[in-house]
Amino acid sequence: MVTDGCKWCVSDMKTYYRIRRDLSQGRRTLTDLTTDELESYVQCPPELAYIGLLLFLLQIPIVGETIVFFVILICFFQTSEEFAKLSGIVCLAVLPMTVYVIGFAILFFPRIILTRHFWSNEQRKEFWAHSLKVSAARHYQPILENLKVSNKDITIPTEFVNLKDVKIAPLIEFPYSHIVRLCMIHRCFPVPSVKRLAHRAEVLRELDSRQLNDLHLVDEMDDQQLYMHLFIRRLQYEGKTVPEMRELLKTWLIASKVIPP
């Protein structure tokens, strides 16, 4: 699993870097990306590309110790969940004896120490469900209260198809705490927060549109693919059967066509 996880992690880094390069240079747009690329792009935090280089340089004597100082500084300005885990491990691993502590933690606390690339199938199901549950407990109620202040007639929860009738003020008009909570839910770096959230929404809309055109493929997805697609859309799946998850994803994809951007 470690070997496969490393290959997967490196592959994600390469894919993310290639997509970012092509988008920034105007070689491609989101509509030019394949479905697999969109899935990878929406999941990979921006810092993963830098982690690959960082881990390589850390193996060089003196250079590695010097980089640790800069990694600590970077940690103060990054909030990406996976980057925080990886950079924390990098910082600790160079200290005497901590490699044994990290090894122990990897065995007994994989959700905290490792990224999704190194989880088992059952762990991905469990850890993603846990993340959704924690996000809901911490952020959903304050977000709902802010939405009600913006529109007193809003009714949540509601059916996906009814979201087309929900009128919400532009995101920039909400308190910054509201925007930060959205960033925490979607694991976006909160500066520039509105721009990053808008870009993530744009990527998800393109992925939704792509999968809506091939809606029959949802019936061919296994449980792991369903967990992933529901998680990146922040749709709760805990306690649902595979047919129920397929129906939930289909319902969202169909409704996404009429939900305004």
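Everything numeric in this text was worked out from a predicted model, so none of it was measured.

### Quick look at the overall build of the chain
For the chain, the helix and strand inventory stands at twelve helices and zero strands. Helices and strands in the chain line up, N terminus first, as α-α-α-α-α-α-α-α-α-α-α-α. Burial statistics for the chain: of 261 residues in total, 39% are counted as buried. Long-range contacts, defined as pairs at least 24 residues apart, comprise 61% of the intrachain contacts of the chain with a sequence gap of at least 6. Surface exposure of the chain reaches about 15,300 Å², of which carbon and sulfur atoms provide 63%.

### Things to note about helix H12 (residues 242-256)
Taking 1.5 Å per residue as the helical rise, H12 with its 15 residues ought to reach 21 Å, and the 21 Å between its terminal C-alpha atoms agrees with that figure. As for H12, its buried residues are in contact with helix H10 (193-213) and helix H11 (223-232).

### Quick word on the side chain of His 229
By secondary structure assignment, the location of His 229 is in helix H11. What makes His 229 buried here is its relative accessible area of 2%. Here His 229 is in contact with Glu 39, Gln 211, Met 221 and Leu 249, once residues within four sequence places are set aside.

### Description of the pattern of salt bridges
One pass over the full model with this rule turns up nine salt bridges. A salt bridge links Arg 233 to Asp 208; the nearest nitrogen and oxygen atoms lie 2.7 Å apart. Taken as a pair, Arg 233 in the loop between H11 and H12 and Asp 208 in helix H10 lie far apart in primary sequence, 25 residues in all. Each member of the pair, Arg 233 as well as Asp 208, is classed as buried. The shortest N-O distance in the salt bridge between Lys 250 and Asp 219 comes to 2.7 Å. Separated by 31 residues along the polypeptide, Lys 250 in helix H12 and Asp 219 in the loop between H10 and H11 bring together distant segments of the chain. Classification of Asp 219 by relative accessible area gives partly exposed; the value is 42%. Beyond isolated ion pairs, a larger network of salt bridges with shared partners links Arg 18, Arg 21, Asp 22, Arg 27, Arg 28 and Glu 37.

### A closer look at the packing of aromatic side chains
Scanning the model with the defined rule gives four aromatic pairs in all. Here Tyr 16 and Tyr 41 contribute two aromatic rings whose centre-to-centre distance is 5.4 Å and whose plane-to-plane angle is 25 degrees, an arrangement assigned as stacked. With Tyr 16 in helix H1 (residues 2-24) and Tyr 41 in helix H2 (residues 35-43), the pair connects residues that are 25 residues apart, well separated along the chain. A relative accessible area of 6% places Tyr 16 in the buried class. According to the relative accessible area criterion, Tyr 41 is buried, its value standing at 5%. Both rings, one in Trp 128 and one in Phe 231, keep their centres 5.1 Å apart while their planes meet at 10 degrees; by these two values the pair is stacked. Pair noted here: Trp 128 is in helix H8 (residues 121-150) and Phe 231 is in helix H11, with a separation of 103 residues, a long-range link.

### Concerning the packing of helix H9 (residues 176-186) against H10
At their nearest, the axes of H9 and H10 sit 10 Å apart, and the two run at 40 degrees to each other. By the angle between their axes, H9 is oblique relative to H10. Crossing of H9 against H10: the hand is left-handed. Between H9 and H10, the contacting residues are Tyr 176, Ile 179, Leu 182, Cys 183 and His 186 on the first element and Ser 193, Val 194, Leu 197 and Arg 200 on the second.

### Description of the confidence of the model for the chain
Confidence in the prediction for the chain averages 76 pLDDT; 69% of positions are at 70 or higher. Ranking the elements of the chain by mean pLDDT puts helix H6 (residues 98-108) last, at 45, and H12 first, at 94. Across residues 69-81 the pLDDT falls below 50, and counting only partners more than four positions away or on other chains, this stretch makes 16 contacts in the model. Contacts from residues 99-112, a stretch scored under 50 in pLDDT, to residues over four places away or in other chains number 16 contacts.

### Observations regarding the nonpolar core
Membership of the largest hydrophobic core comes to 33 residues, with the highest contact counts inside it found for Trp 128, Leu 230, Tyr 237 and Leu 249. When residues of this core are traced back to their parent elements, those giving at least two are H1, H2, H8, H10, H11 and H12.

### A short note on the state of the cysteines
Disulfides are covalent bonds that link the sulfur atoms of two cysteine residues. Per the counting criterion, the structure on display carries zero disulfides. Cysteine Cys 183 shares no disulfide, and the gap to the nearest cysteine sulfur, in Cys 188, comes to 5.5 Å.

### Description of unusual backbone geometry
Of all residues except glycine, most have a negative phi; of all peptide bonds, most are trans. Residues other than glycine seldom take positive phi values, yet Arg 187 does so here, at roughly 55 degrees. Tracing the backbone shows Arg 187 in the loop between H9 and H10.

The rules behind the values
- Residues numbered from 1 in each chain as written.
- Predicted model: local features only at pLDDT ≥ 70, side-chain atom pairs only at ≥ 80, totals over all residues.
- Heavy atoms only, no water.
- Helix = DSSP H or I, 4+ residues; strand = E, 2+ residues; numbered from the N terminus.
- Buried < 20%, exposed > 50% of the residue type's maximum accessible area, 1.4 Å probe, protein only.
- Contact = heavy atoms within 4.5 Å.
- Areas by Shrake-Rupley, 256 points an atom, 1.4 Å probe, with all protein chains shown as cover.
- Expected span 1.5 Å × (residues − 1).
- Salt bridge = Lys/Arg side-chain N within 4 Å of Asp/Glu carboxyl O.
- Phe/Tyr/Trp six-rings, centres within 6.5 Å; stacked < 30°, edge-to-face > 60°.
- Axes fitted to C-alpha atoms, helices over the stretch in contact; angles between N-to-C directions.
- Parallel < 35°, antiparallel > 145°, perpendicular 65-115°, else oblique.
- Left-handed = near helix turned anticlockwise from the far one by under 90°.
- pLDDT = per-residue confidence, 0-100.
- Core = buried A, V, L, I, M, F, W, Y, C linked by side-chain atoms within 4.5 Å.
- Disulfide = S-S within 2.5 Å.

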